[in-house]
Amino acid sequence: MKLLLLVNSSASSVTARSRVVIQKALSADHEVTVAETSRRGHATRLAQGAASSGTEVVVVLGGDGTLNEAANGLAGSTCALAALPGGSTNVFARTIGLPNDPIEATGALLDALVRRSIDRVGLGVVNGRYFLFHVGIGFDAAVVEQVEKRSGLKRYAGHPLFVYAAFLTWFRHYDRSRPRFALRLQDGSVIDDGYFAICLKTNPYTFLGNRPFNVAPEAGFDSGLSLVTFRSIGFTTLIGGAASALGSGRRLKRDRRIDRRSDLAEVTITGHGPVPYQVDGDYLGDIDRLVLKHEPDCLDLVMP
């Protein structure tokens, strides 16, 4: 097969050694070209070029942000996306069942290519941008912003850094005095007191070490969007929700301050003023309005 190995050398888990080993392993049975990203958005253009030149699979060695960019370049084409974990958390690669070690994951990927294990899957879309697994609106995005301000620490303190950023954001960097946005669903119902929401295409939302953070177990490639909205951002609500997500998830389902919806085709979010948002772990700034949609059968994905 004709492959493009797309590498983000700045990603937390990418080393010169792992890159060489992976390239040699892929080249044993496939025609491999290597390209390296150099700036935000570069992976999208490289993936688009690969799809238009007859490349069959784009293999991404990088974090979730690089994967998202590549998916945006490949959506709607017949060129498949393959993930190799190179970031600090690697949510998407682990969600589809890959080991978190990139060398081990390469072995699983090669087996999948031999079997031609490629599925056509659906993605989410937010304001015209595709997402693989989630969009965070409000508090969640403000946490990601604080992490990105300390991006140099991600390679050495990935998960502790996220926990630290969450507490720092709650105490100092997020306005908890009022609701931040309203949501309008396709059936006409409105939630006008949202403080924090996560729109998911897959589950888990993230991983804390080796523990999956299960916010919407019903989310999946073959279903519509799942939406979890916190109508309170009190400390007990957040901590209780987090503890529930690490366990059975029962409190998330029972808590009346947390609204849960599943298999949605579309939802519109309107901020009560600008609200921060992030897409697949990348903070994208503040915005007044978001339109989220489910687009079925739009990306070929190599599945281990």
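Positions within a chain are numbered from 1, following the residues in the order the chain's sequence is written. The predicted nature of this model means local features are confined to residues of pLDDT at least 70 and side-chain atom pairs, given and counted, to a pLDDT of 80 or more, with totals for whole chains, interfaces and linings taken over all residues. Just so you know, side-chain values use all the structure's heavy atoms and leave hydrogens and water out.

(A) Structural detail: the packing of aromatic side chains. Aromatic rings from Phe, Tyr and Trp, with only the six-membered ring used for Trp, were paired whenever their centres fell within 6.5 Å, and each pair was classed as stacked if the ring planes differed by under 30 degrees, edge-to-face if by over 60, and tilted otherwise. Per the stated rule, a full pass over the model turns up 7 aromatic pairs. When the centroid spacing of 5.8 Å and the interplanar angle of 75 degrees are considered together, the rings of F139 and Y174 count as edge-to-face. Residue F139 is found in helix α6 (residues 139-148), and its partner Y174 is found in the loop between α7 (154-172) and β8 (181-185); the two are separated by 35 residues along the sequence. Side by side, F139 and Y174 carry an identical accessibility label, which is buried. An angle of 50 degrees between the planes, with centres 5.9 Å apart, marks the rings of Y205 and F213 as tilted. Here Y205 falls in the buried class, since its relative accessible area comes to 15%. Judged by its relative accessible area of 16%, F213 is buried. The ring of F207 is capped by R94, whose NZ or CZ atom sits 4.1 Å from the centre of that ring. Put simply, DSSP H or I for four residues or longer makes a helix, DSSP E for two residues or longer makes a strand, and each gets a number counted from the N terminus. Residue burial is assigned from relative accessible area. The probe radius is 1.4 Å, only protein chains are included, and a residue is buried under 20% of its type maximum, exposed over 50%, and partly exposed in between. Distance and angle both matter: a charge sits over a ring if NZ of Lys or CZ of Arg is within 6 Å of the ring centre and within 35 degrees of the ring normal.

(B) Inspection of the side chain of T106 at higher detail. On the secondary structure map, T106 appears in helix α5 (residues 102-115). If we skip the residues at most four places from it in the chain, T106 touches I22, A25, L26 and L84. Note on definitions: a residue-residue contact is assigned when non-hydrogen atoms from the two residues lie within 4.5 Å.

(C) Just the pattern of salt bridges, in detail. Any carboxyl oxygen of Asp or Glu that lies within 4 Å of a side-chain nitrogen of Lys or Arg is treated as forming a salt bridge with it. Counting across every chain of the model gives 9 salt bridges. The salt bridge partner of D300 is R120, with a shortest N-O separation of 3.1 Å. You can see D300 sitting in strand β16 (residues 282-302) and its partner R120 sitting in strand β5 (residues 118-126), a full 180 residues away along the chain. Classification of D300 as buried rests on a relative accessible area of 15%. Residue D175 is joined to R178 by a salt bridge in which the shortest nitrogen-to-oxygen separation is 3.2 Å.

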